[in-house]
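# Report on the structure
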Amino acid sequence: MNKKMTDPLESTTAVSVLSAHKYGSQWLAGWVILLGNVFLFASSLNCLFRWLSYGFAWDAAALVFSLTLALLVYFFAMERARIASLNGRLLFSVSALLVWAVFLPLVMRLAGLQ
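Residues numbered from 1 in each chain as written. Predicted model: local features only at pLDDT ≥ 70, side-chain atom pairs only at ≥ 80, totals over all residues. Heavy atoms only, no water.

Remark: the centre distance and the inter-plane angle together describe each pair of aromatic rings, the angle taken between the planes. Summed over all chains, the structure comprises 7 aromatic pairs. Ring centres 5.0 Å apart and planes at 90 degrees place the aromatic pair Phe 39 and Trp 100 in the edge-to-face group. Of this pair, Phe 39 sits in helix α1 (residues 2-54) while Trp 100 sits in helix α3 (residues 86-110), placing them 61 residues apart in sequence. Between Tyr 74 and Phe 75, the ring centres sit 5.1 Å apart and the planes meet at 75 degrees, which makes this aromatic pair edge-to-face. Judged by its relative accessible area of 41%, Tyr 74 falls in the partly exposed class. A residue is classified by how much of its surface remains accessible, and Phe 75, at 38% relative accessible area, is partly exposed. Three or more aromatic residues link up through ring pairs in this structure, and these residues are Phe 41, Tyr 74 and Phe 75. (Phe/Tyr/Trp six-rings, centres within 6.5 Å; stacked < 30°, edge-to-face > 60°. Helix = DSSP H or I, 4+ residues; strand = E, 2+ residues; numbered from the N terminus. Buried < 20%, exposed > 50% of the residue type's maximum accessible area, 1.4 Å probe, protein only.)

This is the structure in structure tokens:
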């Protein structure tokens, strides 16, 4: 009788541990997506203030590039209706950050930065 009492508790505990692990990975992926989006919006805000202060064309180009990526991440990775998979949304967000890091210097050089 004691054996029957502990089996449901053990299976419930195992299920709760698995669901907690799944929730933990979803929580982390959600935060990575959110922080990536905040980083891109902050970059565009920084470029906006630099462009308004100094008026350089490369700051305007960086503003447009950063804001475009931030809006793409906002509308595709933050909204669950666009990309249903959490891993797909995470991949999209991290890819946008990598595209920003690789191509922002190129965009600014094309706009006249020396």
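Still more ground to cover, so stick around.
Let us now look at the environment of Leu 104. In this fold, Leu 104 is placed in helix α3. Contacts of Leu 104, omitting those with residues within four sequence positions, involve Ala 62, Phe 65, Ser 66 and Val 99. (Contact = heavy atoms within 4.5 Å.)

In this section: the environment of Val 107. For Val 107, the position within the fold is in helix α3. The class for Val 107 is partly exposed, based on a relative accessible area of 22%. As a C-alpha pair, Val 107 and Asp 59 span 48 residues in sequence and 9.8 Å in three-dimensional space. In this structure Val 107 touches Ala 61 and Phe 65, once residues within four positions along its chain are discounted.

On to the packing of helix α2 (residues 57-76) against α3. Between α2 and α3, the least distance of the axes is 10 Å, while the angle of their chain directions is 175 degrees. Considered as vectors, α2 and α3 are oriented roughly antiparallel to each other. In this structure, α2 contributes Trp 58, Asp 59, Ala 61, Ala 62, Phe 65, Ser 66, Leu 69, Leu 72, Val 73 and Phe 76 to the contact, and α3 contributes Arg 89, Phe 92, Ser 93, Ala 96, Val 99, Trp 100, Phe 103, Leu 104, Val 107 and Met 108. Taken together, the residues that form the contact of α2 with α3 break down as 16 nonpolar, 2 polar and 2 charged. (Axes fitted to C-alpha atoms, helices over the stretch in contact; angles between N-to-C directions. Parallel < 35°, antiparallel > 145°, perpendicular 65-115°, else oblique. Nonpolar A, V, L, I, M, F, W, Y, C, P; charged D, E, K, R; others polar.)

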